[in-house]
Amino acid sequence: MSTRLEELIACPHCDAVYHVSEPKMGERAVCGRCHTVLIAPRRRAGKQIIAMALAVLILIVAATVFPFLSIKAAGVANRSSVLDAALAFSSSGLLILLTLAVAALIVFIPIARALLVIYVLGPVVWDRPAFPGALRAFRISEALRPWSMAEIFVLGCAVALIKVADLADVSFGPAFWMFGALVVLMMVQDNFMCRYSVWKSLEK
Amino acid sequence: MEIAGKVKSAREMGLVACRRCTRVWPGGTPTCGRCGHRMQSRDTTSLQKVWAWWIVGMMCYIPANLYPMLVTRTLVSTQDNTIVGGAVELAQHGNYGIALVIIAASVLIPIGKFIAVASLALGVRQGSRLSSARRQQLFEVVEYIGRWSMIDVFVVAILSSLVQLGALASIAPGVASLFFALSVIFTMLSAQSFDSRLIWDADSDDATTQPSVNPSNPNGVTA
């Protein structure tokens with residue numbers, strides 16, 4: 001075979017192999033068989049992604065500590081932070097597992113992903129050699145992607161709100177809006193990232 | 001990127017592809033030299049893993065529906081709500097939209113997911129009426145939407161931390177929340193274990209490895 005393996009790319013979903021011809025900035029290369037997006041470079045994506053990851057970090061920490069919903073009924077009031085929500089299951093034995101899972105899904109995994117992305121892309125953006133283990137870090141970050149569920153939690157807030165609306169007065173705390181912003185940021189960040197370009201830049 | 005002529009899979013070319021970083025290596029390479037991900041031309045135990053997680057997921061989904069998800073205490077009464085019971089009650093209060101969201105996230109999506117994953121897995125062995133492209137789409141929808149079932153667990157967590165008004169009203173999580181969360185996690189693992197490349201092999205296998213068995217599809221690849 002005359003072609004070198006570095007010049008090939010395989011679709012992760014259907015195993016189709018192509019010759020890489022990198023699309024222009026803002027364009028996308030799509031698998032002709034199963035339509036998976038293979039390459040989608042963007043100008044200055046690295047810096048934007050790092051900025052967003054930093055914002056995500058700050059917002060998560062703040063959103064975890066501040067109350068995100070408060071409730072009032074007949075003079076009795078209560079407010080709840082994300083931490084309280086995770087701890088809700090800690091009252092009875094078996095459900096402690098659930099506490100850990102919930103805390104991981106909505107707080108720790110998103111934090112871990114933001115940190116890993118900064119670790120991986122930081123040196124790349126500023127033209128330094130990649131940090132040791134950057135490839136591995138990016139692999140872990142990608143593996144964690146489906147398990148980062150902050151956006152689902154936000155929709156959960158909305159549902160919970162309506163569920164108790166006729167039981168008591170409910171209002172949003174500052175953390176709710178932070179979490180809302182967070183979700184938008186995380187989604188934009190995921191769409192901005194061209195995995196192929198990241199792998200390619202780490203390879204050098 | 002242009003495709004010249006027929007699409008060839010890495011396996012047909014005697015290569016193995018990394019599914020994490022899309023790099024291609026000579027066939028038989030065990031781990032990807034770029035990202036270190038473990039590589040297999042095809043995950044031969046894929047279907048076993050899919051079915052194993054599928055069964056565990058189903059086993060957890062049954063108690064998730066039978067046991068109470070929420071225990072609501074008010075001044076006058078204590079009430080246990082199962083998933084469906086809670087949605088029915090919401091609908092009776094006139095919150096049809098939310099009842100619909102709950103039913104969709106906790107009943108329709110999980111059951112649809114069980115059926116979809118099972119039919120994908122069966123389709124690999126026995127062939128399917130759906131085209132490969134359709135099945136690939138189905139798989140992507142399943143992967144994308146499966147996480148959203150977790151919403152019900154989050155709602156329970158939020159409600160039981162928020163509604164703690166002393167004697168007036170309080171909400172506590174029921175056992176079903178644990179089973180439901182486990183069921184969602186197991187079905188996500190089941191879908192992740194599915195090697196979607198198997199969907200596409202059926203097309204090309206006919207042409208390459210078993211030409212005598214099925215000569216009706218000599219071109220192999222469907223558009």
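The structure displayed is predicted, hence computed values, not measured ones. (Residues numbered from 1 in each chain as written. Chains lettered and ligands numbered in written order. Predicted model: local features only at pLDDT ≥ 70, side-chain atom pairs only at ≥ 80, totals over all residues. Heavy atoms only, no water.)

Draft legend 1. Fine view of the packing of aromatic side chains. Tallying each qualifying case throughout the model produces nine aromatic pairs over all chains. On the numbers, 5.6 Å between centres and 75 degrees between planes, the contact of A:Phe153 with B:Phe154 is edge-to-face. Residue A:Phe153 is located in helix α5 (residues 150-165), and its partner B:Phe154 is located in helix α5 (residues 151-162); the two belong to separate chains. Classification of A:Phe153 by relative accessible area gives buried; the value is 1%. (Phe/Tyr/Trp six-rings, centres within 6.5 Å; stacked < 30°, edge-to-face > 60°. Helix = DSSP H or I, 4+ residues; strand = E, 2+ residues; numbered from the N terminus. Buried < 20%, exposed > 50% of the residue type's maximum accessible area, 1.4 Å probe, protein only.)

Draft legend 2. Looking closely at the pattern of salt bridges. Applying the stated criterion to the full structure yields eleven salt bridges over all chains. Taking the shortest distance from any N to any O, the salt bridge between A:Arg195 and A:Glu142 comes out at 2.9 Å. Note that A:Arg195 is positioned in helix α7 (residues 195-203) and A:Glu142 in helix α4 (residues 134-144), a separation of 53 residues in sequence. Residue classification places A:Arg195 among the buried residues on the basis of a relative accessible area of 17%. For B:Arg19, the salt bridge goes to B:Asp195, with nearest N and O atoms at 3.2 Å. Of this pair, B:Arg19 sits in the loop between β2 (15-17) and β3 (24-26) while B:Asp195 sits in the loop between α6 (175-193) and α7 (197-208); the two residues are 176 residues apart in sequence, bridging distant segments of the chain. Take B:Arg19: its relative accessible area is 28%, and that puts it in the partly exposed class. (Salt bridge = Lys/Arg side-chain N within 4 Å of Asp/Glu carboxyl O.)

Draft legend 3. Up close: the interface of chain A and chain B. Tallying the contact residues gives 72 residues for chain A and 64 residues for chain B. Summed over both sides, the interface between chain A and chain B buries roughly 6200 Å², with carbon and sulfur atoms accounting for 74% of that surface. Contact with chain B buries surface across chain A, with A:Asp15, A:Arg33 and A:Lys163 losing the most and accounting together for 12% of the total. On the surface where chain A and chain B come into contact, there are two salt bridges. Of the charged contacts, one joins A:Glu151 and B:Arg147 as a salt bridge, the two residues approaching to 3.0 Å between their closest N and O atoms. (Contact = heavy atoms within 4.5 Å. Buried area = accessible area lost by both parts, 1.4 Å probe.)

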